[in-house]
Structure formats: structure tokens, C-alpha cells
Amino acid sequence: MHVLGICGSLQATSSNLLVLATVAERLPSGTRFTRSDATADLPAFNPDLDVDPPHPAVARWRRQLAEADAVVISTPEYAHSYPGALKNGLDWVVGSGELVDKPVALITAGPSGGQRALDALEPVLRVISSDLVGSLAIPAVRQKYDGARLVDAEVSGRLDDLLAELVAAVRP
């Protein structure tokens, strides 16, 4: 099984990168985890530019999504929503279908936990027909970590439950 991790933030020191590293560690043995950084290279979505062959960055993004059996998105909340680079990336796959019926786990992490980002992202993932298996908001995320290790037992348990749901949703 191959799980693709997507960080909503482009920041090199994003807490959501810590969360994705934790996800990679907690997936079942034998699961391949890769993290995409493709959203940083995507041009702004414009239907006039959605041509065949697609822009190389768009082709790479779509290929990464298509090759994954499941996806974990971890994102901060920005201005009561989620980052524009993530929205742009999702816009590029609305019509091409790489997330249709694909199991997706959604995590928001930041000072407030990101409930507004969850509220904004869930309908977008549903309209592009992804299989949203569950979500988790992690408030005060930096306080849940001791350096690079997740040390909060409650969040650990909830993350494990979410990842179990994701793995169970992958169709052989």
C-alpha cells in the first residue's frame, strides 16, 4: 500500500510536516509513505491552461495522486480557511479525477487546531468525490511534540484511529 502525504503549508518548518512525519512512522509495517511537495510548483489554476499534455508540474502532481492508494492531508488554518497552494492543487484535479473514490484522511494542526480549515476543506474534498474517511484537528500542536516526537497520548490515540480508518478504506 502507498500513502501520499500532502502538507498544506509551504513553510520549511511547518508543524504539519511534523505531523506527516508522525503519520509515516505510525502507518502499518510495509506501507510506503511519500510526501509530495508538488503544490509549491503548480501554476495558478486556469481552465484555459488545463490542456493535453498538461504543464509538467501539473502532470507530476496528478501522477503522484494517481499512484497513491490513499492520501493524508495535513494543513494549518490560514485566515479562517486553508492555504492557497493547497486549494490551487485541489483545483487542478477537480476535472481530472485523481482523487475520485480515493481514501483521504484530513488533519489540521496549528495554534487553534484548524477547525475552520477542516470546515472549508471537507466540502471541497467531497465535491471532487474523494472518500473522506475522517478528520482530526490538533490544537496547540507544538505543545503536543517534544522536539520531533509526538508525546500527547490523546492525540496519538486519535491519530492511530484515523490511520486505521484510512488503511481499512483502501481497496485491494
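Rules and cut-offs
Position labels on residues start from 1 in each chain and follow its written sequence. Reporting in this predicted model follows two pLDDT cut-offs: at least 70 for local features of residues, and 80 or more for side-chain atom pairs to be given and counted; totals over whole chains, interfaces and linings ignore these cut-offs and use all residues. Side-chain measures were taken over the full set of non-hydrogen atoms in the model, leaving aside hydrogen atoms and water. Only DSSP runs of H or I reaching four residues or more are called helices, and only runs of E reaching two or more are called strands; each is numbered from the N terminus. Partly exposed residues are those whose accessible area sits between 20% and 50% of the maximum for their type, while under 20% is buried and over 50% is exposed, using a 1.4 Å probe and protein chains only. Residues are treated as being in contact if the distance between any of their heavy atoms lies within 4.5 Å. To estimate the expected span of a helix, subtract one from its residue number and multiply by 1.5 Å. Identification of polar contacts relies on pairs of N or O atoms within 3.5 Å, with a donor-acceptor requirement for protein atoms, meaning one able to donate a hydrogen and the other able to accept it, and with residues adjacent in sequence counted only if both atoms are side-chain atoms. With axes taken as lines fitted to C-alpha atoms, and helix axes fitted only over the stretch in contact, angles between N-to-C directions fall between 0 and 180 degrees. By convention the crossing between two helices is left-handed if the near helix lies anticlockwise of the far one by an angle smaller than a right angle, and right-handed if it lies clockwise. Two strands pair under a simple rule: DSSP has to find at least two bridges between them. Crossovers are marked right-handed if the path from the first strand over the helix to the second runs clockwise, as seen with the strands pointing away from the viewer.

**Student:** Pulling in residues and values, what's your account of the side chain of Ser156?
**Tutor:** Among the secondary structure elements, Ser156 is positioned in helix H5 (residues 153–169). For Ser156, a relative accessible area of 11% corresponds to the buried category. Among residues more than four places away in sequence, those in contact with Ser156 are Arg26 and Leu150.

**Student:** Explain H5 residue by residue, including any values.
**Tutor:** Here H5 contains 17 residues, and its C-alpha end-to-end distance of 24 Å stays within 8% of the 24 Å for a straight helix at 1.5 Å per residue. Capping the start of H5, Asp152 holds a side-chain oxygen 3.1 Å from the backbone nitrogen of Glu154, two or three residues further along.

**Student:** Give a description of the packing of helix H1 (residues 15–26) against H5 that names residues and reports values.
**Tutor:** Remark: H1 packs on H5, axes separated minimally by 11 Å, with the N-to-C direction vectors making an angle of 65°. Between H1 and H5 lies a crossing of right-handed hand. Only Ser156, Leu159, Asp160 and Leu163 of H5 make contact with H1, whose side of the interface consists of Thr22, Val23 and Arg26.

**Student:** Tell me what's going on with the side chain of Arg62, and back it up with residues and numbers.
**Tutor:** Looking at where Arg62 falls in the secondary structure, it is placed in helix H2 (residues 56–67). Only 2.9 Å separates the side chain of Arg62 from the side chain of Asp50, close enough to count as a polar contact. Among the polar contacts listed, one links the side chain of Arg62 to the side chain of Ser96, at a separation of 3.1 Å. Setting aside residues up to four positions removed in sequence, Arg62 forms contacts with Asp50, Pro54, Trp92, Val93, Ser96 and Glu98.

**Student:** So what's going on with the pairing of strand E5 (residues 131–139)? Residues and values would help.
**Tutor:** Pairing of strand E4 (residues 103–110) with E5 involves 8 bridges; the strand directions are parallel. Paired with Leu106 across the two strands is Ser135, which belongs to E5. Handedness of the crossover is the feature at issue here: the chain leaves E4, passes through helix H4 (residues 115–127), returns alongside E5, and the resulting connection is right-handed.

**Student:** Hey, could you go over unusual backbone geometry for me, with residue numbers and the actual values?
**Tutor:** A negative phi holds for most residues other than glycine; trans holds for most peptide bonds. Residues Asp52 and Pro53 are joined by a peptide bond in cis, for which omega reads 0°. Mapped onto the elements of the fold, Pro53 is located in the loop between strand E2 (32–36) and H2. If you check the backbone angles, Asp101 has positive phi at about 60° while not being a glycine. Checked against the element boundaries, Asp101 lands in the loop between helix H3 (84–91) and E4. We classify Asp101 as exposed; its relative accessible area is 52%.

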